[in-house]
Amino acid sequence: MQMKKTLVIGASTNPERYSFMAINSLLKKEQPVVAIGQKIGEVNGVKIQTKQIPFKNIHTVTLYLNPKGQRDYYNYIVGLQPKRVIFNPGTENPEFYALLGINNIQVEVACTLVLLSTNQY
């Protein structure tokens, strides 16, 4: 599998949250991971940041924020110029799809966990 540095937005240290599971699944597939969440923490060695850090070479952003919470990240995500943004179940946002499309960023409405488990990531 090609290396696809991934930014998880909406990251949580709660093992029951899908963002937590996604970080661990990405690590198992040996994908580089960075994370942003509401609270500072750590998941399996990945530090969760609370600020919009200008990470370099982000291939994929995977969202675990509802559409309203995503608004604060529109300019930040577009500025990172990822290849794609994955909208996990519950994060669907046509307004953001349009903005990403204008900026030539691929929109994928899918589940990161399913993509990883089926080797379609």
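In this report, the structure presented in the accompanying data block is examined. Note that the structure is predicted; figures quoted are calculated from it, not measured. (Residues numbered from 1 in each chain as written. Predicted model: local features only at pLDDT ≥ 70, side-chain atom pairs only at ≥ 80, totals over all residues. Heavy atoms only, no water.)

1. Looking at the side chain of Thr-6
Within the element layout of this structure, Thr-6 appears in strand β1 (residues 6-11). Using a relative accessible area of 0% as the deciding quantity, one classes Thr-6 as buried. Within the structure, Thr-6 has its side chain in polar contact with the backbone oxygen of Lys-4 (distance 2.8 Å). Discounting chain neighbours no more than four positions away, the residues touching Thr-6 are Leu-26, Pro-32, Val-33, Val-34, Thr-60, Thr-62 and Tyr-121. (Helix = DSSP H or I, 4+ residues; strand = E, 2+ residues; numbered from the N terminus. Buried < 20%, exposed > 50% of the residue type's maximum accessible area, 1.4 Å probe, protein only. Polar contact = N/O pair within 3.5 Å; in protein donor to acceptor, adjacent residues only side chain to side chain. Contact = heavy atoms within 4.5 Å.)

2. Observations concerning the pairing of strand β6 (residues 84-87)
Because side chains alternate across β6, one face comprises the buried residues Arg-84 and Ile-86, and the other comprises Val-85 and Phe-87, equally buried. Direction of pairing for strand β5 (residues 60-63) relative to β6: parallel, over a ladder of four bridges. Within the sheet, the bridge partner assigned to Leu-63 lies in β6 and is Phe-87. Two strands pair when backbone bridges link them, and β6 and strand β7 (residues 106-109) are joined in this way by four bridges, in the parallel orientation. What sits directly across from Ile-86, in β7, is Glu-108. (Pairing = 2+ DSSP bridges.)

3. Considerations on the pattern of salt bridges
According to the stated counting rule, one finds three salt bridges in the structure shown. Across the pair Lys-47 and Glu-42 runs a salt bridge whose closest N-O atoms are separated by 3.5 Å. When the shortest N-O distance is used, the salt bridge between Glu-95 and Arg-71 registers 3.6 Å. Residue Glu-95 is found in helix α4 (residues 94-102), and its partner Arg-71 is found in the loop between α2 (67-70) and α3 (74-80); the two are separated by 24 residues along the sequence. (Salt bridge = Lys/Arg side-chain N within 4 Å of Asp/Glu carboxyl O.)

4. Observations regarding the nonpolar core
With 20 residues, the main nonpolar core has Leu-7, Ile-9, Tyr-76 and Ile-77 as its most contacted residues. Elements with a contribution of two residues or more to this core: β1, β2 (33-37), β5, α3, β6 and α4. With five residues, the single largest contributor to this core is α3. If we ignore the near neighbours within four places in the chain, the residues touching Ile-77 are Ile-9, Val-61, Leu-63, Pro-82, Val-85, Phe-96 and Leu-100. (Core = buried A, V, L, I, M, F, W, Y, C linked by side-chain atoms within 4.5 Å.)

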